[in-house]
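Structural description and commentary
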Amino acid sequence: MTSVLSTSARAASLSVLVLASAAAPAAVIINNSTQGFYNAGLGTLLDSPSGVVTSGPFPCANVQCGDSTQAYATAPNLAAAAAPLGTWLTNAAPTGGTWSAGPVAIPGTWAINHETAISYAFSSPFGYDNVSLRLGVDNGIFVWLNGNYLFGARAAGGSVLGEYSLSLGTIGGGTNYLQILREDHGGATGYAIEMTGDPRRTPVPEPATLALLGIGLLGVGAAARRRAALG
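Now for a look at the structure at hand. (Residues numbered from 1 in each chain as written. Predicted model: local features only at pLDDT ≥ 70, side-chain atom pairs only at ≥ 80, totals over all residues. Heavy atoms only, no water.)

Regarding the overall build of the protein chain
Stated precisely, the cut-off is as follows: Strands are runs of DSSP state E lasting at least two residues, helices are runs of H or I lasting at least four, and both sets are numbered from the N terminus onward. Three exposure classes are used, based on accessible area relative to the maximum for each residue type with a 1.4 Å probe and protein chains only: buried under 20%, partly exposed in between, and exposed over 50%. Should any heavy atoms of two residues lie within 4.5 Å, those residues are considered in contact.
Along its length, the protein chain carries three helices and 10 strands. For the protein chain, the N- to C-terminal ordering of α and β elements is α-β-β-β-α-β-β-β-β-β-β-β-α. Buried positions account for 37% of the 231 residues belonging to the protein chain. Considering only intrachain contacts with a sequence separation of at least 6, the fraction spanning at least 24 residues in the protein chain is 78%.

The following block contains the structure:
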């Protein structure tokens, strides 16, 4: 026997489908297996003087200069490592310095007491909404998007994904670069990353386009009123 759904049943079924679609998981943009430009040539150039306890972003080696938990609202001074870093905090692939020639696998661990840098290139025709970034690191991390500083922190202990979480909102279409500098000052190293977002299916209208659309709708409304008046 063929089952026929009532109008209300069909509407309820459609609502379930819509809700299921809305709850679909966000797309993974970057994770631990994503390749990126990699720079392992910084060594300890950024480190503070040996034996001087500091709350700064780059303590000296082997926990001799403190291991406190810190957050950094402004970007760290990277001048001491300018030569190996080259040009990298832009909306482009890094150049100069000691960068890999192209994207490579990013190691989850690196030389103890050293700093390393990463530049991930990612692209989408129309960009992403609801972008979220989760990180874990031993010991510190500093993050930029297309050269704009987002966040920095360091802490004692190991690396757990979700140790730091950032809501980045909307990222525009085309190619973007997520830039990361990893810090270590002794013990061990570790790193985990996951960036997710909802890919846009269409471009966001420009303000001028929206204005023209509004004018067009006003014109349609006026024409409809004229037809109604003429009867």
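The discussion continues.
As for the state of the cysteines
Filter applied, for reference: Working definition: a disulfide is two cysteine sulfur atoms within 2.5 Å of each other.
Tallied over the full model, the rule gives one disulfide. Covalent S-S linkage joins C60 and C65, the inter-sulfur distance amounting to 1.8 Å. Since a negative S-S torsion denotes a left-handed disulfide, the C60-C65 link at about 95° is right-handed.

Some remarks on the sheet that holds strand β5 (residues 128-138)
Quick reminder of the rule: Two strands qualify as a pair provided DSSP detects at least 2 bridges between them. Helix axes are fitted to C-alpha atoms over the stretch in contact, other axes to C-alpha atoms as well, and angles between N-to-C directions run from 0 to 180 degrees.
Judged by pairing direction, the sheet is antiparallel, and its four strands sit side by side in the order β1-β10-β5-β8 without closing on themselves. Two strands in the sheet have a free side with no partner beyond their single neighbour: β1 (27-30) and β8 (164-171). This sheet shows a mean twist of 25° between the axes of neighbouring strands, independent of strand direction. As defined by bridge partners, β5 adjoins β8 across six bridges and the pair is classed as antiparallel. The residue of β8 that forms the bridge with L135 is Y164.

These figures capture arrangement, not role.
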